[in-house]
Every structure is written in C-alpha cells, then in structure tokens.
Amino acid sequence: MAKILIVYATCEGQTAHIAHEIAGALRADGHEAEVSRAQDAPSPSGYGAVVVGSPVHAGRHERAVLEWVKTHLEVLEKTHGGFFSVSLAAASEDPNEQAEAKRLADAFLFKTGWRPESLACFAGALAYSRYGLLKKLIMRRIAAKEGGATDTAHDYEYTDWDSVLRFARDVAATVPAASAKH
Ligand SMILES: Cc1cc2nc3c(=O)[nH]c(=O)nc-3n(C[C@H](O)[C@H](O)[C@H](O)COP(=O)(O)O)c2cc1C
C-alpha cells in the first residue's frame, strides 16, 4: 500500500472531479490517497507517489500548479509521480489538436524541470452553465474549432473515465512496496 498525494488546480471543476476519481480508484486498490488544491498542498516529502493535475486555459496550465511543482522539485525528483493535463484539445478527433494537448503538457514539464514517470492528457468538459456571457462566447468558438458541442444551453463532459482509471493504476504501479525512487 502506498501513500499518494494528488495536487490539482481547477477553474470550472473538471480537474477537481478527475483528481477525486483518481483518489477513489487508488483507495479502491488499497492505497492511501490525499487530495489537495495546489495553493494548500503540503510538501510531497514522505509520500510514496505524487500526482499533479492542471487544466489548460488560453494555452496555459495553472500558475498555482506550476509554482507548487517548481517549489518542491527537489523532493519530486526523488518521488514517483504522474502529471495529468485537462483540455478541450485532448477531446478533439483532430490529431493536430491532440498533438497540441501533448505539446502543452510537455511544455509544462519542461518549464518546471519535473520528469514524472506517467503523463496523461485527459479530455475536459464544456461547462457552459458556469460561464459568464463572454466566456460562453469564447468557449463556443473554441468548441467549434475542437469539434466540441456549441449548444450553450447544455453542459458536456468529454473525459474518458476508463483512461483516468488506467492512469491511476499506472501511477500506483510505479511505487514498489515501500520505497523512494532511486
Ligand atoms: C476561458 C477558457 C479558456 C480555455 N482555453 C483552452 C485552451 O486554450 N485549450 C484547450 O484545449 N482547452 C481550453 N479550455 C477548455 C478547458 O481546458 C476545459 O474546459 C477543462 O475541462 C477545464 O478544466 P477545469 O474545469 O478543471 O477548469 C478553456 C476553457 C475556458 C473556460
């Protein structure tokens, strides 16, 4: 059994949802999972593995997550880990958009210097009911580009929960019975 910390930021809630699903999957497999927003997250010291998640907004991952990773890089480099990025580009059927989602995730890791064993780009959601008028219009335009839904009367969730589950298991599988990375 491993003690695993899950750190995330969210704007409209989907990354929080994914972080809690990962925690649920890990707990179901007998691990101890703790979920924390980046701004309140503890030091990763003492955890068997760390999962970090951020949504993409306007082509960038959340600053709070970037800062947390940079602050704790030394410990993270000695700890098993996984990073997940949440975006609409990852929901697209266009391979160029999917490549863009991966490029943004790679750019985040490059910027922080962190090299976790697992990386995933999850499709996010269109939460039209939570957007103000301007955001609704922007998102409708982005959705049209990504092949997403443009009827703003409804919310849409594109996350593939099976791949979230697989990612959680991949991260847990990197942790030997009780050890830090060598
Ligand atoms: C204002 C705004 C800007 C966004 N910009 C991008 C973007 O540049 N690329 C992209 O793939 N998705 C973009 N998205 C989609 C989000 O990544 C997606 O809705 C995700 O589920 C948000 O996660 P959260 O609910 O955890 O904040 C944007 C969403 C909003 C509301």
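Residues numbered from 1 in each chain as written. Predicted model: local features only at pLDDT ≥ 70, side-chain atom pairs only at ≥ 80, totals over all residues. Heavy atoms only, no water.

Participant: Can you lay out the layout of surface pockets for me, pointing to particular residues and giving the numbers?
Facilitator: Of the voids in this model, the largest pocket is the one considered here, and its volume is about 760 Å³. Lining the largest pocket are 35 residues; nearest its centre among them are Val 56, His 57, Ser 87, Leu 88 and Met 139. At 7 residues, helix H5 (residues 133-146) tops the list of elements feeding residues into the lining of the largest pocket. Partitioned by chemical class, the residues of the lining of the largest pocket number 16 nonpolar, 9 polar and 10 charged. (1 Å grid on protein atoms, 1.4 Å probe; cavity = no way out; pocket = protein on both sides within 12 Å on 5 of 7 lines; lining within 4 Å. Points joined across faces, edges and corners; volume = space filled by probe spheres on them. Helix = DSSP H or I, 4+ residues; strand = E, 2+ residues; numbered from the N terminus. Nonpolar A, V, L, I, M, F, W, Y, C, P; charged D, E, K, R; others polar.)

Participant: Residues and numbers for the environment of Tyr 131, please.
Facilitator: Mapped onto the elements of the fold, Tyr 131 is located in the loop between strand E7 (125-126) and H5. When its relative accessible area of 8% is taken as the criterion, Tyr 131 is described as buried. Measuring from C-alpha to C-alpha, the distance between Tyr 131 and Glu 93 comes to 24 Å, with 38 residues separating the pair along the chain. Residues contacting Tyr 131, with those up to four places away along its chain left out, are Glu 12, Ala 125, Leu 126, Lys 136 and Met 139. Within the structure, the side chain of Tyr 131 is placed 3.0 Å from the backbone nitrogen of Ala 127, a separation counted as a polar contact. (Buried < 20%, exposed > 50% of the residue type's maximum accessible area, 1.4 Å probe, protein only. Contact = heavy atoms within 4.5 Å. Polar contact = N/O pair within 3.5 Å; in protein donor to acceptor, adjacent residues only side chain to side chain.)

Participant: Got a sec to walk through the nonpolar core? Specific residues and values, please.
Facilitator: Ranked by size, the top nonpolar core spans 24 residues in total, and within it Ile 6, Ile 22, Leu 26, Val 51, Phe 84 and Phe 167 carry the most contacts. Only strand E1 (3-8), helix H1 (14-28), strand E3 (49-57), strand E5 (80-87), strand E6 (118-123) and helix H6 (161-173) provide two or more residues apiece to this core. With 7 residues, the top contributor of residues to this core is H1. Residues within four places of Val 51 in sequence aside, it is in contact with Ile 4, Leu 5, Ile 6, Val 7, Ile 22, Gly 82, Phe 84, Phe 167 and Val 171. Listed in part, the 18 residues of the second largest apolar core include Ala 38, Ala 41, Val 65 and Trp 114. (Core = buried A, V, L, I, M, F, W, Y, C linked by side-chain atoms within 4.5 Å.)

Participant: So, the pairing of E1: which residues are in play, and what are the values?
Facilitator: Both faces of the sheet carry side chains from a regular strand, because those side chains alternate between them. Among the 6 residues in E1, 5 count as buried, and that is most of the element. In this fold, the crossover linking E1 to strand E2 (residues 32-37) by way of H1 has right-handed handedness. (Right-handed = clockwise from strand over helix to strand, strands pointing away.)

Participant: Pulling in residues and values, what's your account of unusual backbone geometry?
Facilitator: The backbone of Ala 58 sits at a positive phi, close to 50°, despite the residue not being glycine. With respect to the helices, strands and loops of the structure, Ala 58 is situated in the loop between E3 and strand E4 (60-61).

Participant: An account of the pattern of salt bridges is requested, with residue identities and associated values reported.
Facilitator: Counted according to the given criterion, the structure contains 6 salt bridges. A salt bridge links Lys 135 to Glu 12; the shortest N-O distance between them is 2.8 Å. Placement of Lys 135 in helix H5 and of Glu 12 in the loop between E1 and H1 is noted, with a sequence separation of 123 residues between them. In this structure Lys 135 comes out as partly exposed when scored by relative accessible area, which is 38%. For Glu 12, a relative accessible area of 18% puts it in the buried group. (Salt bridge = Lys/Arg side-chain N within 4 Å of Asp/Glu carboxyl O.)

Participant: Outline the site of the ligand, supporting the account with residue identities and numerical values.
Facilitator: Around the ligand there are 21 residues in total, and Thr 10, Gln 14, Thr 15, Val 56 and Ala 125 lie nearest to it. Thr 10 places a polar side-chain atom, nitrogen or oxygen, 2.5 Å from an oxygen atom of the ligand. Protein contact buries 92% of the 640 Å² of open area that the ligand shows by itself. A majority-of-atoms criterion places the ligand in the largest pocket. Residue assignment for the shell around the ligand shows that the elements contributing at least two residues are H1, E3, E5 and H5. (Near = heavy atom within 4 Å. Areas by Shrake-Rupley, 256 points an atom, 1.4 Å probe, with all protein chains shown as cover. Sits in = over half its atoms within 2 Å of the grid points.)

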